[in-house]
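# An overview of the molecular structure
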Amino acid sequence: MKCISVYTKDFSLFSDIYEQIMEAPPAENEEIILEGVTVSGAGDVPDQYIERMRLKPECVVMKEKERGVTILQHGEVFEICMPSVQLV
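Throughout what follows, the structure given in this document is the object of discussion. None of the values given here were measured: they were computed from a predicted structure. (Residues numbered from 1 in each chain as written. Predicted model: local features only at pLDDT ≥ 70, side-chain atom pairs only at ≥ 80, totals over all residues. Heavy atoms only, no water.)

Ordered by their spatial adjacency, six strands build an open sheet running β2-β3-β1-β6-β5-β4, and the pairing between neighbours is antiparallel. The open sheet has two edge strands, β2 (31–34) and β4 (60–64), and neither has a second partner. Looking at each pair of strands side by side, their axes are set apart by 20 degrees on average, direction ignored. Of the pairings in the sheet, the one linking strand β1 (residues 2–7) to strand β6 (residues 77–82) comprises five bridges and is antiparallel in character. Its bridge partner lying in β6, K2 is registered against M82. Along the sheet, helix α1 (residues 11–23) contacts β1, β2, β3 (37–44), β4, β5 (69–74) and β6; its crossing angle with β6, the most-contacted strand, is approximately 30 degrees. Along the sheet, helix α2 (residues 47–54) contacts β4, β5 and β6; its crossing angle with β5, the most-contacted strand, is approximately 45 degrees. (Pairing = 2+ DSSP bridges. Helix = DSSP H or I, 4+ residues; strand = E, 2+ residues; numbered from the N terminus. Axes fitted to C-alpha atoms, helices over the stretch in contact; angles between N-to-C directions. Contact = heavy atoms within 4.5 Å.)

Let's shift gears to the side chain of T70. Here T70 is to be found in strand β5. Among the polar contacts made by the side chain of T70, one reaches the side chain of K63 at a distance of 3.2 Å. Those residues in contact with T70 that sit more than four places away from it in its chain are I50, V61, M62, K63, E79, I80 and C81. (Polar contact = N/O pair within 3.5 Å; in protein donor to acceptor, adjacent residues only side chain to side chain.)

Relative to the elements of secondary structure, I50 occurs in helix α2. In this view, I50 contacts M1, T70 and C81; residues no more than four positions away in its chain are not counted.

Structure, rendered in structure tokens:
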């Protein structure tokens with residue numbers, strides 16, 4: 001799964017820029033700034049990563065079923081995990 005890190009703990013700010021991120025995600029190891037928030041292409045993570053994070057009490061897990069996206073929130077970062085190849 002492809003992972004994008006969004007460095008903010010502000011859920012409403014994350015929500016405001018989420019669609020922009022999904023429309024033009026950064027490439028692996030690329031950093032972009034959207035509304036003062038650093039967004040980074042973190043590369044691929046194994047499927048087990050989501051399961052490991054789901055077990056942590058400090059991690060919030062959200063799903064966007066339509067696109068097969070899982071969003072993890074922990075500490076001051078959101079991680080958007082999506083299939084490496086997205087169907088349009």
